[in-house]
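# Structural overview for review
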Amino acid sequence: MNEKLLNYFNGSWQASDAGEYLAVINPATQAVLAQVPLSTATEVDTAVQAAAAAFVTWRQVPAGSRIQYLFKLKELLEENFEDISRTITLECGKTIGESRGEMRRAIENVEVACGIPLMMQGDVSEDIAAGIDELMIRQPLGVTAIIAPFNFPGMITFWFLPYAIACGNTVIVKPSEKVPLTMQKVFKLLEQIELPAGVVNMVHGSKEAVNAILEHPTIKAVSFVGSTAVARYVYSRGTANGKRVQAQGGAKNPIIVLPDADMEMTTRITADSAFGCAGQRCLAASYVITVGEARHEFNAAMAEVALERVTGFGLDEAVQMGPVINQASRARIEGLIQAGVDEGASLLVDGRNPNIVGYEKGNFVRPTILQDVNPAGNIAQTEIFGPVLSLMHVNDIDEAIQIVNQGQYGNMACLFTSSGSAARKFRYAAQAGNIGINIGVAAPMAYFPFSGWKDSFFGTLHGQGRHAVEFFTQTKVVVERWPSIWSRQF
Ligand code: NAD
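All values reported here derive from a predicted model rather than from experimental measurement.

Criteria and thresholds
Residues numbered from 1 in each chain as written. Predicted model: local features only at pLDDT ≥ 70, side-chain atom pairs only at ≥ 80, totals over all residues. Heavy atoms only, no water. Phe/Tyr/Trp six-rings, centres within 6.5 Å; stacked < 30°, edge-to-face > 60°. Helix = DSSP H or I, 4+ residues; strand = E, 2+ residues; numbered from the N terminus. Buried < 20%, exposed > 50% of the residue type's maximum accessible area, 1.4 Å probe, protein only. Lys NZ or Arg CZ within 6 Å of the ring centre and 35° of its normal. Disulfide = S-S within 2.5 Å. 1 Å grid on protein atoms, 1.4 Å probe; cavity = no way out; pocket = protein on both sides within 12 Å on 5 of 7 lines; lining within 4 Å. Points joined across faces, edges and corners; volume = space filled by probe spheres on them. Nonpolar A, V, L, I, M, F, W, Y, C, P; charged D, E, K, R; others polar. Core = buried A, V, L, I, M, F, W, Y, C linked by side-chain atoms within 4.5 Å. Domains from an automatic or database assignment. Contact = heavy atoms within 4.5 Å.

### Some details on the packing of aromatic side chains
For the coordinates displayed, the defined rule picks out 10 aromatic pairs. Relative to Tyr 69, the ring of Trp 58 has its centre 5.5 Å away and its plane inclined at 65°; by these criteria the two rings are edge-to-face. Taken as a pair, Trp 58 in helix H1 (residues 41-58) and Tyr 69 in helix H2 (residues 63-79) lie far apart in primary sequence, 11 residues in all. A relative accessible area of 2% places Trp 58 in the buried class. Between Phe 471 and Phe 472, the ring centres sit 5.1 Å apart and the planes meet at 90°, which makes this aromatic pair edge-to-face. You'll find Phe 471 and Phe 472 in the same group, each marked buried. Of note, Lys 4 hangs over the ring of Tyr 21, and the distance from its end group to the ring centre comes to 4.7 Å.

The structure is reproduced here in structure tokens:
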């Protein structure tokens, strides 16, 4: 297909005047799905002008009326759930079950944002001094921007967008250029709910569009999700330009397995975490530290589940793992597996160069397990972002927590155990923002913040829930005295 995707400004679809287009490719088949424009700074400016004009009246719409649009959006997302999920699988590669899971979480964020009339309420204190009252109100910021990564084409924009508009802001979305079709479908639904023109806008593109967002003086806030290098850049350039920025970055997530863990459950859940979404999840388990006696049973069981995992085209319901996003990613992952071996690890399961019958051209890497990985080596620190699990071993939980806390990232850390006191110690000490106890993907529900720490997050307020409401509003404090009629005592 050579359909050229359109941008969406000011309530209508616009052909891009970009000089360059990229092919959007199905990673399982290499079929070209569409052409995405790499929009220019001028196009970003057009979107910003539309969003700025819309803000003037949108902020005056009562919160209770603003959320009526979200109720309609929720209904349309439910009606189009299967179609959007299939689009995610086609352009991103994950299994259809994983795509449905992603859209479910997207919808949950719309539902939570419907509580904005309560969540953005302010505070009042009467008589802070005789006859003087003080109140704090929350007001929207103005034009905001969302920059998304490839691995959740549907969900991640929804960590921000429903809250931003429900709070009275207007929005520009810049989807990942690798997976722009899902947002194209979502914007078709946003068009149907008939928001005032300019409240939501979409600009396709990559670097140039991002830089234009970071430089544009009218944009007040930027929500970014992607790799740590780009997150750090977006945060520093955006804040240097006076913007409020929340930038979620990469990860290297550990799981600690204690000898008293339920091994059957632990291996099943760890495999889902490490190999689900082909390891392209910012909450994917990336390495496991077995403690004491846990090692032999766990390693043997993991090898078995890794070998059994059905890998193929994600629209086939029986498939448990799809391809990685592109050929460059596959080459990078296979190179990192080799780098691990060169560093002294051994391959318990080698998933390189698989033969996936019927999909020989796909970007497949089967589940791979490296064992005896050196905790201080490069491979133990590098985000592989593919279906590769590293195994390490220590003698006690303190040593394991020390390894976890030496890491550069802090997106998620998990512990498998049947001991409450071990769980409590871990929860208390682990330096990560999302903690799992006998959970392999500790993804916060929409009403909790998505809490990365360290190099997994730059900023203060995270996406989702109350954090999103705080991020998309600014507080105003009013101190009031109305003297004339208050001479009498009540
Ligand atoms: P990426 O950083 O390559 O791209 C993210 C966005 O930034 C895209 O919209 C892209 O167009 C833009 N971009 C890329 N390079 C840029 C540059 N040099 N200058 C300006 N903009 C640029 O990330 P990705 O490969 O799409 O996504 C995978 C990464 O995202 C992984 O590192 C993963 O851990 C991370 N991620 C983090 C979370 C989280 O919540 N912490 C969630 C999902 C993904």
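### Some remarks on the state of the cysteines
Within this structure, the stated rule accounts for 0 disulfides. No disulfide involves Cys 114; its sulfur sits 12 Å from the nearest other cysteine sulfur, which is in Cys 167. Among the residues examined, Cys 114 registers a relative accessible area of 12% and is labelled buried.

### So, empty space enclosed by the protein
Regions of empty space are outlined by a rolling probe, equal in size to a water molecule, passed over the atoms. Under the defined criterion, the tally for this structure stands at 4 cavities of 30 Å³ or more. Each pocket or cavity is described by its volume, and for the largest cavity that value is around 160 Å³. Those elements giving two or more residues to the lining of the largest cavity turn out to be strand S12 (253-257), helix H14 (397-406), strand S17 (409-410) and strand S18 (412-416). Class assignment for the residues of the lining of the largest cavity results in 11 nonpolar, 8 polar and 1 charged. In this model, the second largest cavity occupies a volume close to 100 Å³. Looking at the lining of the second largest cavity residue by residue, the class counts come to 7 nonpolar, 4 polar and 3 charged.

### Details of the nonpolar core
Ile 116 and Ile 256 are the most contacted members of the largest nonpolar core, which has 123 residues in total. The leading source of residues in this core is H2, at 7 residues. Two domains each donate at least three residues to this core, and these are domain 1 (7-249 + 456-477) and domain 2 (253-437). Apart from the residues lying within four places of it in its own chain, the contact partners of Ile 116 are Ala 63, Ile 67, Tyr 163, Ala 166, Cys 167 and Val 469. Counting residues in hydrophobic clusters, the runner-up holds 23 residues, among them Val 210, Ile 219, Val 222 and Phe 224.

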